[in-house]
Amino acid sequence: MMRTHTSKLLSILLVVCLMFTLAACGGKDATPTDSNGTKVVEGIGQGKHGDIKVKVSFADNKITDIEVVEQKENEVLAEPVYTQLKQNVISANSPDVDAISGSTVTSEGYLQAIQDAITKSGITLVSVGAASNAGADKEEAEQTYDVVIIGAGGAGFSAAIEAKKAGANVVLLEKMPTVGGNTLISGGEMNAPNNWVQQNLGITDDTADLFYEDTLKGGDNLGSPEMVRILADNALASAEWLRDEIKVEFLPDHLFQFGGHSRKRALIPVGHTGAELITKLKAKTDEEKITIKTNMKAESLITDDQGRVTGVTATTGSGDKITFHANKGVIIASGGFGSNVEMRKKYNPELDEKYMSTDTPGTTGDGIIMAEALGAKLTNMESIQTYPVCNPETGVISLVADSRFDGAILINQEGERFVEELERRDVISKAILAQTGGYTYQFWNQKIADIGKTIEVHQDEYDMLVKQGLLHKADTIEEAADFFKVDEDTLKATIQKVNEYAKTGDDLDFHHRGGLVSLETGPYYIQKAVPSVHHTMGGLVIDEKTRVINEKGEIIPGLYAAGEVTGVIHGSNRLGGNAIADIFTFGRIAGQQVVSEN
């Protein structure tokens, strides 16, 4: 009898379980459909800076809309992903489309989120092939402006704004889908002697002369003294222009002292990245109604019978050829060639494929090549800089590791310091490559972390480094040493010496110019890093008015250049924070000169 009751009970339970199972099986298609037959499903993907969450709308087995509901990506780099890539997916009715160049990780996370929503929906989509450009606006094959600028990074933007202010009709050509170039992904710090933050902090002994001397010396006196003088004398005005006219916000109470500088003088933008600069510059160009054409690759420079540069030929993303005529002149602001491995090897064979790069994919030397075809003189091309503290897996510069400018130390696998942490980038990089494994560990504590708050402002990078096993937070020195199998006793001895030097103010081993900070108390952070190609100091020869010079020493009329595409300023090595000062100082000069001289 008992067995019969048990059997019936089991039967009832089985029926109930089956009902739940059927409901669960229907989970894939359990999302309600509205009265118009539209189903909306949420999906999640992993972007560069965390989860990307989307809501995908389906109707009649087709994707009809994609809404981003949560994301932490770089605003500028993500813009074409959430617009252009969105349309490509909808047109193809599939996430199997090409990523946006320069925004690859964000693209992949976005497409992953869409695929997740498709899987959850239970809907079978029929791909309709690649997105069609038939409905896209066609560019006019011949276009005329007063000034044509190649490259929409910091130098290009500043040139465009100044040229427009002088009354010119301006167009910015950018081959990538997004604006910003290397300026966007940089830390954005800018050296300016005798700046307002120095005054706030009581630093009253900095001058343009000191900055001039530091910059020349930092490049082994190979930079043009005349051009470095212009940089030193105008950097503060450029910073004030960014602050007052472009409305860039800089931290009011903190500066960096980059390697090779004798004073703390690097202004830090809010957020500690170039995104603050580029978003404000883009807003200014929008306000001034300056035309920007992305996915527009400049191919060659046009000259008239007298050899004057009168325009640019370019190619759209869809392959159409466009001619841009320039009534007053052309400004090349296309950056260096750090991402062009073949070009790097041509001028410095050591920097081959084994080196990754911190640069954007678009940093391929196009402007140098175009100008050289007209006989432009090149200089210093073999001088290619590596940044010492980069991600060993991706080559990307570590902004979390900016704690080095607040007192973090560098150690090797044996647990020893091996270089002054505020030395020049090239000196530190060479020292790192000479250590066991060709890598370093950066070591700091919470006291140092609290000075610049680099972890807080770069939390997404910090989380990614931890996830990759490249950074570890430890309660004790022993735990930090054990994580990367660093010699514990040697590391303790190294830290003991650092603590002594911090008390006396005298680093007997490497003469740390900023003064070491005590590491007596934890918690501690230890991060693995390698050098990565960062800046090409060589490029076009320009004069004090940014006019490009040819091999005969003559001016190429109608052609100007500014920023990393030039090669006369930084000599053998660029000091940290000088690139931002360079691009805005000479970008502004180029924009003013192209109008006033023509």
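Please refer to the structure placed before this passage.
Residues numbered from 1 in each chain as written. Predicted model: local features only at pLDDT ≥ 70, side-chain atom pairs only at ≥ 80, totals over all residues. Heavy atoms only, no water.

With that settled, consider the overall build of the protein. Helices and strands together make up the secondary structure of the protein, namely 18 helices and 21 strands. What you see for the protein is a C-alpha radius of gyration of 28 Å, in line with the 25 Å of a compact globule of 598 residues. Based on the C-alpha atoms only, the size of the protein along its principal axes is roughly 105 × 70 × 45 Å. Out of the 598 residues belonging to the protein, those deemed buried represent 55%. For the protein, the proportion of contacts with a sequence separation of at least 24, taken over those separated by at least 6, is 71%. (Helix = DSSP H or I, 4+ residues; strand = E, 2+ residues; numbered from the N terminus. Rg over C-alpha atoms; globule rule 2.2 N^0.38 Å. Buried < 20%, exposed > 50% of the residue type's maximum accessible area, 1.4 Å probe, protein only. Contact = heavy atoms within 4.5 Å.)

Where helix H4 (residues 154–165) meets helix H18 (residues 578–596), the closest approach of the two axes is 7 Å, and the angle between their N-to-C directions is 35°. For the pair H4 and H18, the crossing hand works out as right-handed. Between H4 and H18, the contacting residues are Gly154, Ala155, Ser158, Ala159, Glu162 and Ala163 on the first element and Ile583, Phe584, Gly587, Arg588, Gly591, Gln592, Val594 and Val595 on the second. Residues belonging to the contact of H4 with H18 are distributed by class as follows: seven nonpolar, five polar and two charged. (Axes fitted to C-alpha atoms, helices over the stretch in contact; angles between N-to-C directions. Left-handed = near helix turned anticlockwise from the far one by under 90°. Nonpolar A, V, L, I, M, F, W, Y, C, P; charged D, E, K, R; others polar.)

Turning to helix H17 (residues 488–504), a few remarks are in order. In a regular helix each residue adds 1.5 Å, so 17 residues correspond to 24 Å; H17 covers 25 Å between its end C-alpha atoms and thus fits that length. Turning to H17, its buried residues number three or more, namely Leu491, Thr494, Ile495, Val498, Asn499 and Tyr501. For H17, the angular spread of the buried residues around the axis is 165°, confining them to a single face. For H17, the exposed residues set more than 90 degrees away from the buried face come down to Asp489, Lys503 and Thr504. (Expected span 1.5 Å × (residues − 1). Arc of directions from axis to C-beta.)

Attention now moves to the environment of Thr285. Assignment of secondary structure puts Thr285 in helix H9 (residues 275–287). Considering only alpha carbons, one finds Thr285 and Ile246, 39 residues apart in sequence, at a separation of 9.6 Å. If near-sequence neighbours (up to four positions away) are discounted, Thr285 is found in contact with Phe157, Ile161, Ile290 and Ile292.

It is worth spelling out the pairing of strand S7 (residues 250–256) at this point. Among the seven residues that make up S7, five are buried, leaving the element largely enclosed by the rest of the structure. In this structure, S7 lies alongside strand S8 (residues 266–269), joined through three bridges in antiparallel fashion. Bridge pairing in S8 places Phe256 opposite Ala266. (Pairing = 2+ DSSP bridges.)

Read across the open sheet, the three strands follow the order S1-S2-S3; overall the sheet is antiparallel. Bordering the open sheet on either side are strand S1 (39–47) and strand S3 (62–70), each of which pairs with just one other strand. Neighbour to neighbour, the strand axes of the sheet diverge by 30° on average, direction disregarded.

Another aspect to go through is empty space enclosed by the protein. Counted according to the given criterion, the structure contains two cavities of 30 Å³ or more. By volume, the second largest cavity amounts to about 40 Å³. Taken together, Phe258, Gly259, Arg404, Phe405, Glu423, Arg425, Ile428 and Gly576 make up the lining of the second largest cavity. For the lining of the second largest cavity, the residue count by class is three nonpolar, two polar and three charged. (1 Å grid on protein atoms, 1.4 Å probe; cavity = no way out; pocket = protein on both sides within 12 Å on 5 of 7 lines; lining within 4 Å. Points joined across faces, edges and corners; volume = space filled by probe spheres on them.)

Our focus in this paragraph is the sheet that holds S8. Here we have three strands laid out as an open sheet, ordered S6-S8-S7, and antiparallel in their pairing. Where the open sheet ends on each side, the last strands, each with one partner, are strand S6 (190–191) and S7. Of the strand pairs in this sheet, S6 and S8 are connected by two bridges, and their pairing is antiparallel. Opposite Asn191, over in S8, you have Ala266 as the bridge partner.

This part is about the packing of aromatic side chains. Under the counting rule described, the total for this entry stands at 13 aromatic pairs. Note on Phe483 and Phe484: the rings are 4.8 Å apart at their centroids and 90° apart in plane angle, and the pair reads as edge-to-face. For Phe483, a relative accessible area of 34% gives the class partly exposed. Through a chain of ring-to-ring contacts, the aromatic side chains of Tyr439, Tyr441, Phe483 and Phe484 assemble into a single cluster. The ring centre of Trp196 lies 4.3 Å from the NZ or CZ of Arg243, which sits over that ring. The ring centre of Phe258 lies 5.9 Å from the NZ or CZ of Arg425, which sits over that ring. (Phe/Tyr/Trp six-rings, centres within 6.5 Å; stacked < 30°, edge-to-face > 60°. Lys NZ or Arg CZ within 6 Å of the ring centre and 35° of its normal.)

Our focus in this paragraph is the pattern of salt bridges. Enumeration according to the criterion identifies 37 salt bridges in this entry. One salt bridge connects Lys345 with Glu342, and the closest N-O pair in it is separated by 3.3 Å. Here Lys345 pairs with Glu342, and both are found in helix H10 (residues 341–347), just three residues apart, close to one helical turn. (Salt bridge = Lys/Arg side-chain N within 4 Å of Asp/Glu carboxyl O.)

With that settled, the discussion passes to the packing of helix H7 (residues 208–218) against helix H8 (residues 225–244). Their axes nearest at 9 Å, the elements H7 and H8 cross at an angle of 140°. In terms of orientation, H7 and H8 fall into the oblique class. For H7 against H8, the interelement crossing comes out right-handed. Packed against H7, whose contacting residues are Ala208, Asp209, Phe211, Tyr212, Thr215 and Leu216, the element H8 presents Pro225, Val228, Arg229, Leu231, Ala232, Asp233 and Ala235 at the interface. (Parallel < 35°, antiparallel > 145°, perpendicular 65-115°, else oblique.)

Right, let's talk about H9 for a bit. An α-helical segment advances 3.6 residues per turn. Residues three or four places apart therefore align on the same side. The first and last C-alpha atoms of H9 sit 18 Å apart over 13 residues, in line with the 18 Å expected at 1.5 Å per residue. When we look at burial in H9, the residues that qualify are Ala275, Glu276, Leu277, Ile278, Leu281, Lys284 and Thr285. Backbone geometry just after H9 places Lys289 at a positive phi near 55°.

A word on a negative patch on the surface. Taken together, Glu414, Glu416, Asp487 and Asp489 make up a surface patch of like negative charges. Structurally, Asp489 can be placed in helix H17. (Patch = residues over 30% accessible without salt bridge, like charges linked within 9 Å, V, L, I, M, F, W, Y side chains within 5 Å. Areas by Shrake-Rupley, 256 points an atom, 1.4 Å probe, with all protein chains shown as cover. Lys, Arg positive; Asp, Glu negative; His and termini not counted. Charge placed at Lys NZ, Arg CZ, Asp CG, Glu CD.)

With respect to the helices and strands, Ser403 occurs in the loop between strand S14 (384–390) and strand S15 (409–411). As for Ser403 and Ile118, which are separated by 285 residues in sequence, their C-alpha atoms are 43 Å apart. Ser403 has contacts with Ala408, Gln442, Trp444, Ile448 and Thr454, leaving out every residue within four places of it along the chain. A polar contact is formed between the side chain of Ser403 and the side chain of Gln442, at a distance of 3.0 Å. (Polar contact = N/O pair within 3.5 Å; in protein donor to acceptor, adjacent residues only side chain to side chain.)

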